[in-house]
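Below, each chain spelled out in residue letters.
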Amino acid sequence: DPFMNQRRKLVIDERFPLTIELPRAPVIAANQDPEDPLTVKYLDSNYVEQTVDDENYRLIGNGWPARIKAKSGFSWPTPVCDAGSVIIDYTAGFGATPVAVPPKWKRPIIVLATYWWDHREAYESQFVNQAFYGQLQAMVNVAGGRLRYA
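To start, this report covers the structure provided alongside it. Computed from a predicted model, the values in this text were never measured in an experiment.

1. A word on the overall build of the protein
Thought 1: A count of helices and strands for the protein gives three helices and eight strands.
Thought 2: The burial tally for the protein puts 36% of its 150 residues in the buried class.
Thought 3: A sequence separation of at least 24 residues applies to 69% of the contacts in the protein between residues at least 6 apart.
Thought 4: As presented, the protein carries roughly 9,400 Å² of accessible surface, and 52% of it is formed by carbon and sulfur atoms.

This is the structure we're talking about:
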């Protein structure tokens, strides 16, 4: 279930961007779950994995997308210029069980599942009712996110 906690890894090539955008949200910070922390790592010039101290960056975890930014006065280190040189390990989700998913997110899920059940032939022909997706997009916006599969 994409709304429950899942461990994720984002791999970035060659350098740190000014703002790291995480494709899943909300993100759980290290201080929220010390046993499953957010970690920002990189490969140094000798291809040795180094960890950036979490005191040096800020997680904006409730936005969509979630973002990581370097704190004022800190510059991201320079990783080796190679594929996969920046690695972000994080946990995204509303909680460990379906009960943790907020009701404002459950409604669009139910509406979408009902739509596809009622329009099974549309799924097979890949016909998309744009008016329906406009209404679904409005519900997702109210919930605080964005529709990714329209």
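2. A look at the sheet that holds strand 7 (residues 66-70)
Strands belonging to one sheet form pairs held by backbone hydrogen bonds; the direction of such a pair is parallel or antiparallel.
Thought 1: On the basis of which strands lie adjacent, the open sheet formed by three strands has the order 2-7-6 and antiparallel pairing. Both outer strands of the open sheet, strand 2 (19-22) and strand 6 (57-60), are each paired with one neighbouring strand and no more. Strand-to-strand twist of the sheet, defined as the mean angle between neighbouring strand axes without regard to direction, takes the value 20°.
Thought 2: For strand 2 and strand 7, the ladder comprises four bridges, and the chain directions are antiparallel. Opposite isoleucine 20, over in strand 7, you have isoleucine 68 as the bridge partner.

3. Here we look at the nonpolar core
Thought 1: Of all hydrophobic cores here, the largest spans 19 residues; its most connected members are Ile20, Leu22, Ile68 and Ile88.
Thought 2: Of all the secondary structure elements, the ones that give two or more residues to this core are strand 1 (6-12), strand 2, strand 4 (39-43), strand 7 and strand 8 (86-92).
Thought 3: Leaving out residues up to four positions away in the same chain, leucine 22 has contacts with Leu10, Val27, Leu59, Pro65, Ala66, Ile68, Ile88 and Tyr90.

4. Brief notes about the pairing of strand 7
Thought 1: Bridge count between strand 6 and strand 7: four bridges; the pairing is antiparallel. Counterpart to leucine 59 in the pairing with strand 7 is isoleucine 68.

5. A word on unusual backbone geometry
Thought 1: A positive phi angle, close to 75°, is found at glutamate 14, a residue other than glycine.
Thought 2: Counting through the fold element by element, glutamate 14 comes out in the loop between strand 1 and strand 2.
Thought 3: Classification of glutamate 14 by relative accessible area gives partly exposed; the value is 43%.
Thought 4: Positive phi outside glycine occurs at tyrosine 47, with the angle close to 65°.

6. Brief notes about the environment of aspartate 53
Thought 1: Residue placement: aspartate 53 occurs in the loop between strand 5 (49-51) and strand 6.
Thought 2: On the basis of relative accessibility, which here comes to 43%, the residue aspartate 53 falls in the partly exposed class.
Thought 3: C-alpha separation for the pair aspartate 53 and threonine 39, spaced 14 residues apart in sequence, amounts to 8.5 Å.

Calculation criteria
- Residues numbered from 1 in each chain as written.
- Predicted model: local features only at pLDDT ≥ 70, side-chain atom pairs only at ≥ 80, totals over all residues.
- Heavy atoms only, no water.
- Helix = DSSP H or I, 4+ residues; strand = E, 2+ residues; numbered from the N terminus.
- Buried < 20%, exposed > 50% of the residue type's maximum accessible area, 1.4 Å probe, protein only.
- Contact = heavy atoms within 4.5 Å.
- Areas by Shrake-Rupley, 256 points an atom, 1.4 Å probe, with all protein chains shown as cover.
- Pairing = 2+ DSSP bridges.
- Axes fitted to C-alpha atoms, helices over the stretch in contact; angles between N-to-C directions.
- Core = buried A, V, L, I, M, F, W, Y, C linked by side-chain atoms within 4.5 Å.

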